[in-house]
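Observations on the three-dimensional arrangement
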Amino acid sequence: MAVSEPTAPDAVASAAASEADVRLDGVTKRFGEMLAVDDLTLSIQRGHFYALLGPSGCGKTTTLRMIGGFEDPTGGRVYLGGEDVTDRPSHRRDVNTVFQSYALFPHLSVERNVAFGLERRKIGRAEVRRRVGEMLELVQLGPLAKRKPAQLSGGQQQRVALARALVNRPRALLLDEPLGALDLRLRRQLQIELKRIQQEVGITFVHVTHDQEEAMTMADTIVVMNRGRVEQAGTAEQLYELPRTAFVASFLGQSNLIDARVGAADGARTPVETHDGARLQVPSDRVGALAGEQASVGVRPEKMSLLTPEGIAPDGANVLRGRVVVASFLGVSVQYLVTTAGGEELTVIAQNEAGCAPDAFAVGREVQLCWDPRHTFVVARGADE
Amino acid sequence: MSAISLRWRRSLLPWWFMAPALIWLIVFFAVPLFNQLNVSLMSGNADAGYHSTWAFHTYWDAIRTYHVQFLRSLEYAAIATVIDLIIAFPLAYFLAFRAGRWRNFLLLLVIMPFFVSYVLRTVAWQLILNDNGWVADRLRDIGLVSQHGRLLATSTAVITGIAYNFLPFMVLPLYVSLERMDRRLLEAATDLYASRVTAFRKVTVPLAIPGIFAGSLLCFIPACGDYVNAALLGTSRQYMIGNVVQSKYLDVLDYPTAAALSFILMLLILVGIALYGRVLGSRNLMEAAA
Amino acid sequence: MNARVRTWMLGIWSTAAILYLFIPIFIVVLFSFNDNRGRFNFTWNGFTLRHWAHPFRDPDLVTALRNSIEIGLLSTAVAVTLGTFLAMALVRYRFRGRGAIDLFVFLPMATPEVVMGAALLALFLVFNVSTGFVTILIAHVMFCLSYVVVTVRARLEGMDPHIEEAARDLGAGEMTTFWKVTLPMIAPGVAAAGVLAFALSVDDYVITSFNAGQTQTFPLFIFGATRQGVPAEVNVLATMLLIAVLLLMGLNVLLQRRLSRRDASGGGAEAVEEEPRPMVVTPAPSAAG
Amino acid sequence: MSDREKIESALEQFFADERLSRRRFLGRGASLGLMAGGLATAISACGSIEGVTKRRLGALQQAAAGVNHPKVPIGTWEFSNWPLYIDKKVLKTFNQRYGGTVKYVEDINDNYEFFGKVRQQLQDGAPIGRDIVVLTDYMASRWVSSGYTMPIDRKNVPNGKNLTATLRSPGWDPKRQYSLPWQTYATGLAYNVKLTGRELRSIREFFNPEWKGRVTVLSDWHDSAGLAMLMRGIDPTTATVDRYLEAIDYVGQQNSKGQFRRFTGNDYTTDLTKGNVAIAMAYSGDVVQLQSDNPNLRFVFPEEGAMLAIDNMMIPEKAAHPYAAEVMMNFVYEPEIAARICDYVNYISPVDGVREILLRTDPGVGRNQLIFPDKATLERCHGYPALSSGDELLCNQAMAKVTGA
């Protein structure tokens, strides 16, 4: 894993240091009383696409702004390419930002917006023109070079902002929700385009977003942040299949969480007893420090299947009993809301195999829920939300 | 270079920006004004000189003697401000959204009166409002002025003059705040306006509140201290606190009272601004003002 | 239809408002053509161009006008420079004492002029500064500053702070950012502040009268002349001043238009022209950090 | 009046030891300047008040007796006057005839404001940079009695003999050793005969209920209270402050009855010309001009008498070019020159012989009764009083109360 964990920062961080393009070391930011970023350690590998994902106010934008040099950390250090840049102002850091509002210079043409950074670096005029031209081609804005930003559509503005940043060949490109202002269709399109460009230029991208789908579409590594801390970092797959916290479990996709007590490991499986007495199994390697603790067990809705009360669950499967409250036909799938004996409402998504919601699972029916223990995860209880 | 020193340097940055203007204001405004504060606490008379005696009673006396003029100043300034707001809002709206390429030119026209000295302007008003003039006659015709009534040398004339003098101060900030408003939002608001007046009230006006606030202040504050209009378009029954200060300073040489009156006026204005700001719901006064 | 009527009403109202502003100006201009018989010039006695034949006949009147214009231009330049930087600091930075400075900058507007003028004179006398051109200049900068700050501020606050960050992000230092980005963007606000400051300076009587020494300005001259009856030449000069300002403004507009056209056609010049704001609806900041 | 008692006792104490007091006064003056916002506080102690003035007047006269300003080249020197108060060609003539350059500055807009501007220098005994200033009686007397002016070497002003007889001996400068009149103008009764329907003659008309609300009076009490006193047969030139205060009080009573439309400065002219008022307390020189706009206007020197305001030329203390100033004074007292000035200004010239010249060169002006009132009329004109600065202030205060400021 390329991203260090809050639990064991030093080991991972130092291991990754040689590779890290951007590194934050114990960075904290306070705004008055408010703690925006709390002792954050993070290292970002060269050439990767990172997404900082989290809800509003989780500190992701602040983190980005500290990398960009727009905020001074209250504590901790920021490294770019191994160099400590904590005290270096933004214009002397070789990272560039694409702002949420694009922040294009309204008084300058597209061309001169893009040339702005190069001109600051005293690069020859011809060279500037060449690189600007290339970059405008890359973002497919060549014909609009003479226009003013106000004469462009939102998507075009976004591309200008991107070109303006990329043309400087920064060590890393920081993107602050650059797609937030666009409509859904355009957003999808630009997500793919961004990914394409990133692969083409091979620069490290750090992308801030609150949209999990966007993060999952584009990022190699997603860093989920909450309340100024990193909850978990990893690939989309890792985060989805093995959320480590209740927050990640519920922020990334849907998940069903049930309060339970974790028992003692018994080989590959560890028994878990839910608060209403049902017994479930989880893979022991996922229990970690939670052994013997009160915790929550979770399972993704599409991993569960429904059985009639009489049905026989596969051997070794986890089974819960409940009653169907809602059954919604969604086309590709049927989504059920099932109340368990313990009172939790669990969501189950079943493939639409029958062509309709089966009568056996109609509203009011008693059902069994079963799933493979491999898909069960354990997270600390009651965390957030 | 250590982190601390750099951070220190960066925190000094705004002060570097402000230093020249602040020093100017401190040396040429605050220091002299502080002297005036001292003066306001002196007692004595113009002949024997004034001596610092911490004579706070001057303030009390000034309020007791001149509360009428204080109230009148606030009243006239407030009425003029409201009139200006009513005149200026549509004008600023027009300038911001409908004036097109004429905008800058029209904005200049708004400031134009300042380029004609106030003496000439006020004499012009005396001519326009005079008892036998066209304006007064028409107003008599439609019954707004009684048959033997007059315009000049009345509160109406003074308020008209004040409203006139400070109208540009209302138009400019209103224009600025409207101009930076999102056009589409505003067009939506005007669309709704066609069907429902409340939409205008609930969308456009709230969005223009910073401008309304700034405009009102720029208009109200100097209007409170104005004396020219009352002196030239009014009678002694219209004199405002500015006239009193002027007279205390220049004719009566009663500097402590003049200074005290000024500070009371400033205090009243500041309190007024605070209340007004609260009414308009802006937490930071000056933030909203700009 | 309804919308059309509304636009009409708006236009009519605005025209009326501007006319209201121009009524006295109209009178002043009109009376520059008055064939007045006595020394007083407020009864219309027929049209004449004779006052326009020798508008500069009285050298003292001309000196006064020239002083006013010089002081106006200089104090505007200084006040706009200082005030713009002050406004920048107030808008761009959070620092201790910001609120207090905000209030402090507002105070000169709330102070009766006579107190300000006399207080300033006392200062000059104490330090043995002889009053004259320079002291008028100092006083004018002082009272124009507040107005400049308020006006420029309004413009700055309407500006996306990220734009300056973007400039810095692209390698521009504080100064470059200011010259290349901030200033062009707030130019309309700065220009408005300049015009306002100039107008205030050219029109000031009270504060000037205290700090003028032997220097005479246009308002001082006119005020003193009321004793003898303000001569029609004053109206002529005032009218000329108006025309000059209008011409300058027109020239400026033309220049800007040409610049922006050149820029649009790829000349690469930086047009300091007011731009319509980007038509982007940014959602409520979702990641405030 | 306890205020006055206080002032007087303060002054008594002050002058108990003049030598010591002088020092104390200077020290106090300086610190006052520092504190008191730089205006005219420091008429201070020297002010007043009959007894003191007389004592100082003697000293002043004595000091003036020995004055001797030797002839020197004129050089560049400075003359401060009110705007539009001279035909500028006269200055050219002066420069041509005497050499040197007169820097003629029109920087006096208001007596009080002008004094406020230069008070500190005067009080500190520093030069104010001007060689002649022109101020109205009440301010002029304050300057003279405060020692802010330099005696005029009358040997250099032989034309001074042309000063008209009635102006030769004001109370505050009985021998015209410190001042010479520049122009004079009378305050009297102006009315619009079309509105009054009849000719008026008396000061009483200002207070006649028939014209209620259609009268303006001057906010300067020297004029308004002065006329009120004349109406009652009191000579305003020699009247005591108490009489003035009574008269101001009377004006106030009339005002509260609504008799006056408003108190005015110079701006009564619009109201009068436009017919907003029937009667105005007005300056003679103005009405000459206003009549050409509105032929119905009349100005009379009321039968009870009129006030005569005098603008005086004076040489400020420490002036650098007193000789040049005296040459100028002599120059403008030449009837030919005075006639040119009078022809331009249309005020009442203080110089004898002007009328004769103007009858020849500009008969319209020469025959004008308002510019050249006959001898009987002039005798009805009364100068401003020579009150102490303290008394002046008391009256200012009382008048401010009446006018509502």
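Residues numbered from 1 in each chain as written. Chains lettered and ligands numbered in written order. Predicted model: local features only at pLDDT ≥ 70, side-chain atom pairs only at ≥ 80, totals over all residues. Heavy atoms only, no water.

Let's shift gears to the overall build of chain C. Counting its secondary structure elements, chain C contains eleven helices and zero strands. Starting at the N terminus and walking to the C terminus, you meet the elements of chain C as α-α-α-α-α-α-α-α-α-α-α. Across the 289 residues in chain C, those meeting the buried criterion constitute 61%. Here the contacts in chain C between residues at least 6 apart in sequence split such that 70% fall between residues at least 24 apart. Total accessible area computed for chain C in this model is approximately 11,100 Å², and 68% of it derives from carbon and sulfur atoms. (Helix = DSSP H or I, 4+ residues; strand = E, 2+ residues; numbered from the N terminus. Buried < 20%, exposed > 50% of the residue type's maximum accessible area, 1.4 Å probe, protein only. Contact = heavy atoms within 4.5 Å. Areas by Shrake-Rupley, 256 points an atom, 1.4 Å probe, with all protein chains shown as cover.)

All names here are of chain A. Bridge analysis of strand S16 (residues 318–329) against strand S17 (residues 333–340) gives seven bridges, and the strand direction is antiparallel. Across the sheet, the residue bridging to Val324 is Val338, located in S17. Taking the residues that link successive antiparallel strands as the turn, the S16-S17 hairpin has three residues, and the phi of Gly331 there is positive, at about 90°. Across seven bridges, the pairing between S17 and strand S18 (residues 345–351) is antiparallel. Looking across to S18, one finds that Gln335 is bridged to Ile349. (Pairing = 2+ DSSP bridges.)

This part takes up the interface of chain C and chain B. Of the residues lining the interface, 93 residues belong to chain C; the matching set on chain B comes to 85 residues. The contact between chain C and chain B buries some 8,600 Å² in all, and 80% of this surface belongs to carbon and sulfur atoms. Counting across the chain C and chain B interface gives one salt bridge. The salt bridge involving C:Asp203 is made with B:Arg121; its shortest N-O contact spans 3.1 Å. At the junction of chain C with chain B, the criterion picks out seven residue pairs in polar contact (both at pLDDT 80 or more). Considering every element that reaches the side of chain C that touches chain B, the biggest residue donor is helix H1 (residues 2–31) of chain C, with 18 residues. (Buried area = accessible area lost by both parts, 1.4 Å probe. Salt bridge = Lys/Arg side-chain N within 4 Å of Asp/Glu carboxyl O. Polar contact = N/O pair within 3.5 Å; in protein donor to acceptor, adjacent residues only side chain to side chain.)

If you look at the biggest cluster of nonpolar residues, it comprises 335 residues, and the most contacted ones within it are D:Trp143, D:Phe206 and D:Met328. Considering each element in turn, this core owes the most residues, 17 residues, to helix H2 (residues 57–97) of chain B. Three or more residues apiece are contributed to this core by two domains, here domain 1 (13–55) and domain 2 (59–289) of chain B. When neighbours within four sequence positions are excluded, D:Met328 is seen to be in contact with D:Trp77, D:Phe79, D:Leu91, D:Phe94, D:Val102 and D:Ile132. Grouped together as the second largest cluster of nonpolar side chains are 47 residues, A:Phe49, A:Val128, A:Leu162 and A:Val248 included. (Core = buried A, V, L, I, M, F, W, Y, C linked by side-chain atoms within 4.5 Å. Domains from an automatic or database assignment.)

Moving on: the sheet that holds strand S6 (residues 95–98) of chain A. Residue and element names in this part refer to chain A. Taken in spatial order, the six strands line up as S6-S7-S8-S3-S9-S10 in an open sheet, and their pairing is mixed. The sheet is open, and its two edges are formed by S6 and strand S10 (229–234), each paired on a single side. On average, each strand axis in the sheet is tilted by 20° relative to the strand beside it, whichever way the strands run. Taken together, the four bridges between strand S3 (residues 49–53) and strand S9 (residues 221–226) define a ladder with parallel strand orientation. In the strand pairing of S9, Tyr50 is matched with Thr221. Helix H2 (residues 60–68) contacts S3, S6, strand S7 (172–176), strand S8 (204–209) and S9 of the sheet and is inclined by roughly 145° relative to S7. (Axes fitted to C-alpha atoms, helices over the stretch in contact; angles between N-to-C directions.)

Turning next to the sheet that holds strand S20 (residues 377–380) of chain A. All names here are of chain A. Read across the sheet, five strands follow the order S13-S12-S11-S14-S20 without closing on themselves; strand pairing throughout is antiparallel. Because the sheet does not close on itself, it has two edges, and the strands there are strand S13 (279–283) and S20. Direction aside, the axes of adjacent strands within the sheet are offset by 50° on average. Summarising the sheet, strand S11 (residues 256–262) and strand S14 (residues 294–299) pair through six bridges and their orientation is antiparallel. By the bridge assignment, Leu257 is partnered in S14 with Gly298.

Let us now look at the packing of aromatic side chains. Scanning the model with the defined rule gives 52 aromatic pairs over all chains in all. Here C:Phe178 and C:Trp179 contribute two aromatic rings whose centre-to-centre distance is 5.4 Å and whose plane-to-plane angle is 75°, an arrangement assigned as edge-to-face. Here C:Trp179 falls in the exposed class, since its relative accessible area comes to 54%. An angle of 75° between the planes, with centres 5.1 Å apart, marks the rings of D:Phe79 and D:Tyr104 as edge-to-face. (Phe/Tyr/Trp six-rings, centres within 6.5 Å; stacked < 30°, edge-to-face > 60°.)

Time to look at the pattern of salt bridges. Counted by the stated rule, this structure contains 52 salt bridges over all chains. With a closest N to O distance of 3.2 Å, A:Lys146 and A:Glu111 form a salt bridge. Placement of A:Lys146 in the loop between helix H4 (125–138) and helix H5 (154–166) and of A:Glu111 in helix H3 (residues 110–120) is noted, with a sequence separation of 35 residues between them. Through salt bridges that share partners, B:Asp131, D:Arg261, D:Arg262, D:Asp267 and D:Asp271 make up one connected network.

Below, the discussion takes up the confidence of the model for chain B. All names here are of chain B. When pLDDT is averaged across chain B, the result is 81; 84% of the residues are at 70 or more. Contacts of residues 192–196 to residues separated by more than four positions or lying in other chains number six contacts, the stretch itself having pLDDT below 50. pLDDT under 50 marks residues 282–290. Its contacts with residues more than four places away, or in other chains, come to 27 contacts. (pLDDT = per-residue confidence, 0-100.)

Moving on, we get to the side chain of A:Glu214. Position of A:Glu214 among the secondary structure elements: in helix H7 (residues 212–218). Every residue in contact with A:Glu214, bar those within four places of it in the chain, is listed here: A:Leu179, A:Arg187, A:Gln191, A:His207 and A:Thr209.

Take helix H6 (residues 133–157) of chain C next. Residue and element names in this part refer to chain C. The first and last C-alpha atoms of H6 sit 35 Å apart over 25 residues, in line with the 36 Å expected at 1.5 Å per residue. Where H6 bends most, the angle comes to about 35°, and this point is Cys144. With respect to burial, H6 is a largely interior element, 22 of its 25 residues being buried. (Expected span 1.5 Å × (residues − 1). Bend = angle between axes of the 7 residues up to and from the residue.)

Time to look at the domain arrangement of chain B. Residues and elements named next belong to chain B. For chain B, the domain assignment lists domain 1 (13–55) and domain 2 (59–289). Contact with domain 1, which involves nine residues of that partner, is made by ten residues of domain 2. Carbon and sulfur atoms supply 72% of the area buried between domain 1 and domain 2, which totals about 810 Å² over both sides. The three residues of domain 1 that bury the most area against domain 2 are Gln36, Ser40 and Tyr50, which together make up 49% of that side's buried surface. Inspection of the region where domain 1 meets domain 2 yields zero salt bridges. At the junction of domain 1 with domain 2, the criterion picks out one residue pair in polar contact (both at pLDDT 80 or more). Of the residues in the side of domain 1 that touches domain 2, the class split is seven nonpolar, two polar and no charged. (Nonpolar A, V, L, I, M, F, W, Y, C, P; charged D, E, K, R; others polar.)

What follows concerns the confidence of the model for chain C. All names here are of chain C. A residue-level look at chain C finds 88% of positions with pLDDT of 70 or above and a mean pLDDT of 81. No element of chain C has a lower mean pLDDT than helix H11 (residues 232–264), which averages 79, and none a higher one than helix H3 (residues 59–92), which averages 92. Low pLDDT, under 50, characterises residues 264–289; the stretch is placed with 67 contacts to residues that sit more than four places away or in other chains.

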